[in-house]
Amino acid sequence: RTVYVNGEYLPEHEAKVSIFDRGFLMADGVYEVTSVLGGKLIDFEGHAKRLARSLSELEIRKPMEDEALLEIHRELVARNDIDEGMIYLQITRGAPNDRDFVFPPEETAPTVVLFTQSKPGLADSPAAKEGIKVISIPDIRWGRRDIKTVQLLYPSMGKMMARAAGADDAWMVEEGAVTEGTSNNAYIVKGNTIITRQLSHEILHGITRAAVLRFAREAQMQVEERAFTIEEAQQADEAFITSASTFVMPVVEIDGAQVGQGAPGPVANRLREIYIEESRKAAI
Ligand code: PMP
């Protein structure tokens, strides 16, 4: 695999980052994952915008313009011959000369790393036909989940807790309501209404979420942006998650209780279909 690190395209085993990198020592960095369908980028503009916002909220210098970033994405897709998959991008506050809580001097260059992940069959996922099972876990993450930082230890532990319980993923709960999934936004469906938590500092503002809600409204579905409980989700007609790497993925079981008929529902299936079709059309 050819990867990108700080201005260079290199074979992955030759790519290196300093042990003093603040991403490594302090999780002082942000990331984006953009999916690739038919060798083209899905929603690049949305990811670039959110990246700029994450950087600005943390006062990390934006290392390059969006056009340059797009060029690197395309170059990596071409060099690695990616048809379906993802591109991972990470930018950290860089590598000063020593470990220090204080931010490094202005002139410290941010570290920029990108690599591809080939996932043949991403759009035609077997999991989407069966649906996934989730468990609920308390949301003990920090208070700025709207910034896409690389502090992923708790979400990673959440996936392991799900796996230990025989489930696929975890929905996190705070003050009695679902915030989001470990790496996705959470939704329920009641009749013709799609319900998903409102945007705030409590959740990541999903790029897939924005697109799916737009498509839902265009398809004359009702959208309610509000918090919901695990109990309400278990009683709902359908449930699903969204993310750049899973698109729209039906949820068929929550904490052991079957949702609806225990199979992917018509709303989730339709939204998945629309999302993939429209994203393919708009891909660049
Ligand atoms: N919430 C969290 C916590 C996530 O990690 C992600 C995906 N990285 C999402 C939501 C979904 O965001 P997107 O649709 O932009 O992938």
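Residues numbered from 1 in each chain as written. Predicted model: local features only at pLDDT ≥ 70, side-chain atom pairs only at ≥ 80, totals over all residues.

Undergrad: What's the story with the overall build of the protein chain in this structure? I'm lost.
TA: Across its full length, the protein chain carries eight helices and 15 strands. Whereas a compact globule of 284 residues would reach a radius of gyration of roughly 19 Å, the protein chain reaches 19 Å, a difference of no more than 12%. Dimensions of the protein chain, computed from C-alpha atoms along their principal axes, come out at roughly 55 × 40 × 35 Å. In the protein chain, buried positions account for 40% of the 284 residues. (Helix = DSSP H or I, 4+ residues; strand = E, 2+ residues; numbered from the N terminus. Rg over C-alpha atoms; globule rule 2.2 N^0.38 Å. Buried ≥ 20, exposed ≤ 12 C-beta atoms within 10 Å, placed from the backbone.)

Undergrad: Could you clarify how one ought to interpret the site of the ligand in this entry?
TA: Taken together, 13 residues are adjacent to the ligand, and Leu-204, Gly-206, Ile-207, Thr-208 and Ala-244 come closest. At the level of secondary structure, the elements contributing two or more residues to the shell around the ligand comprise helix 6 (207-218) and strand 13 (238-243). For the shell around the ligand, the element with the highest residue contribution is helix 6, accounting for three residues. (Near = placed C-beta within 6 Å.)

Undergrad: Help me understand the domain arrangement of the protein chain, please; the structure alone is not making it clear to me.
TA: Size of an interface, as often reported, equals the accessible area lost when the parts are brought together. Taken domain by domain, the protein chain holds domain 1 (2-118) and domain 2 (126-282). Each of domain 1 and domain 2 has a C-alpha centre, and the two are 26 Å apart. The partner domain 2 presents 13 residues to the 21 residues of domain 1 that form the contact. Secondary structure elements with two or more residues in the side of domain 1 that touches domain 2: strand 3 (29-37), helix 2 (44-57) and strand 5 (85-92). Classifying every residue of the side of domain 1 that touches domain 2 gives eight nonpolar, nine polar and four charged. (Domains from an automatic or database assignment. Contact = placed C-beta atoms within 7 Å. Nonpolar A, V, L, I, M, F, W, Y, C, P; charged D, E, K, R; others polar.)

Undergrad: How do you make sense of the nonpolar core when you look at a structure like this?
TA: Of all hydrophobic cores here, the largest spans 58 residues; its most connected members are Val-134, Tyr-187, Ile-188, Ala-239, Phe-240, Val-248 and Val-251. If you tally residues by element for this core, the top one is strand 14 (residues 247-254), at six residues. Looking at which domains feed residues into this core, each of domain 1 (2-118) and domain 2 (126-282) gives three or more. Leave out the neighbours within four places in its chain, and Val-134 touches Ala-162, Ala-167, Asp-168, Asp-169, Ala-170, Trp-171, Gly-181, Val-251 and Ile-254. (Core = buried A, V, L, I, M, F, W, Y, C linked by C-beta atoms within 7 Å.)

Undergrad: Looking at this structure, how should I read helix 6?
TA: With twelve residues, helix 6 ought to run about 16 Å at 1.5 Å a step, and its terminal C-alpha atoms sit 17 Å apart, in line with that. Along helix 6, the residues classified as buried are Ile-207, Thr-208, Arg-209, Ala-211, Val-212, Leu-213 and Ala-216. Residue Gln-220 follows helix 6 closely and has a positive phi angle near 65 degrees. (Expected span 1.5 Å × (residues − 1).)

Undergrad: I keep staring at the pairing of strand 5 and nothing clicks. Help me out?
TA: Regular strands have side chains that alternate between both faces of the sheet. Of all eight residues in strand 5, six are buried; the element is thus mostly enclosed. As paired elements, strand 3 and strand 5 share eight bridges and run antiparallel to each other. Paired with Thr-34 across the two strands is Ile-87, which belongs to strand 5. One ladder, built from eight bridges, connects strand 5 with strand 6 (residues 111-118); its direction is antiparallel. When the bridges of strand 6 are listed, Gln-90 appears paired with Val-113. (Pairing = 2+ DSSP bridges.)

Undergrad: I would appreciate a short explanation of the sheet that holds strand 4 (residues 40-41) in the present structure.
TA: Across the sheet, which stays open at both edges, the six strands sit in the order 2-1-6-5-3-4 with antiparallel pairing between neighbours. Each end of this open sheet is capped by a strand with a single partner; those strands are strand 2 (8-11) and strand 4.

Undergrad: When you look at the confidence of the model for the protein chain in this model, what are you seeing that I'm missing?
TA: When pLDDT drops low, the exact placement of atoms in the prediction is not to be read closely. Of all residues in the protein chain, 100% have pLDDT values of 70 or greater, and the mean over the chain is 98. Scored as a whole, the predicted complex attains pTM 0.97, and scored at its interfaces, ipTM 0.99. (pLDDT = per-residue confidence, 0-100.)

Undergrad: How should I be thinking about unusual backbone geometry in this particular structure?
TA: With the exception of glycine, the majority of residues adopt a negative phi angle, and the majority of peptide bonds are in the trans configuration. The phi angle at Asn-6 is positive, at roughly 45 degrees, despite the residue not being glycine. Judged by the 16 C-beta atoms lying within 10 Å of it, Asn-6 falls in the partly exposed class. Despite not being glycine, Asp-81 shows a phi value in the positive range, around 55 degrees. Relative to the helices and strands, Asp-81 resides in the loop between helix 3 (66-79) and strand 5. Taking the number of C-beta atoms within 10 Å as the measure of exposure, Asp-81 has 9 and is therefore exposed.

Undergrad: What should I look at first to understand helix 2 in this one?
TA: Helical geometry: 3.6 residues make up each α-helical turn, so side chains three or four residues apart lie on a common side. For helix 2, built from 14 residues, the straight-helix expectation of 20 Å at 1.5 Å per residue is met to within 8% by its first-to-last C-alpha distance of 20 Å. Buried residues along helix 2 sit in contact with strand 3, strand 4, helix 3, strand 5 and helix 6. Directly after helix 2, the chain includes Glu-59, whose backbone phi takes a positive value near 55 degrees.

Undergrad: Quick question: what am I supposed to make of the environment of Val-189 here?
TA: Within the fold, Val-189 resides in strand 10 (residues 185-190). Sequence spacing of Val-189 and Ala-233 is 44 residues, and the spatial spacing of their C-alpha atoms is 8.4 Å.

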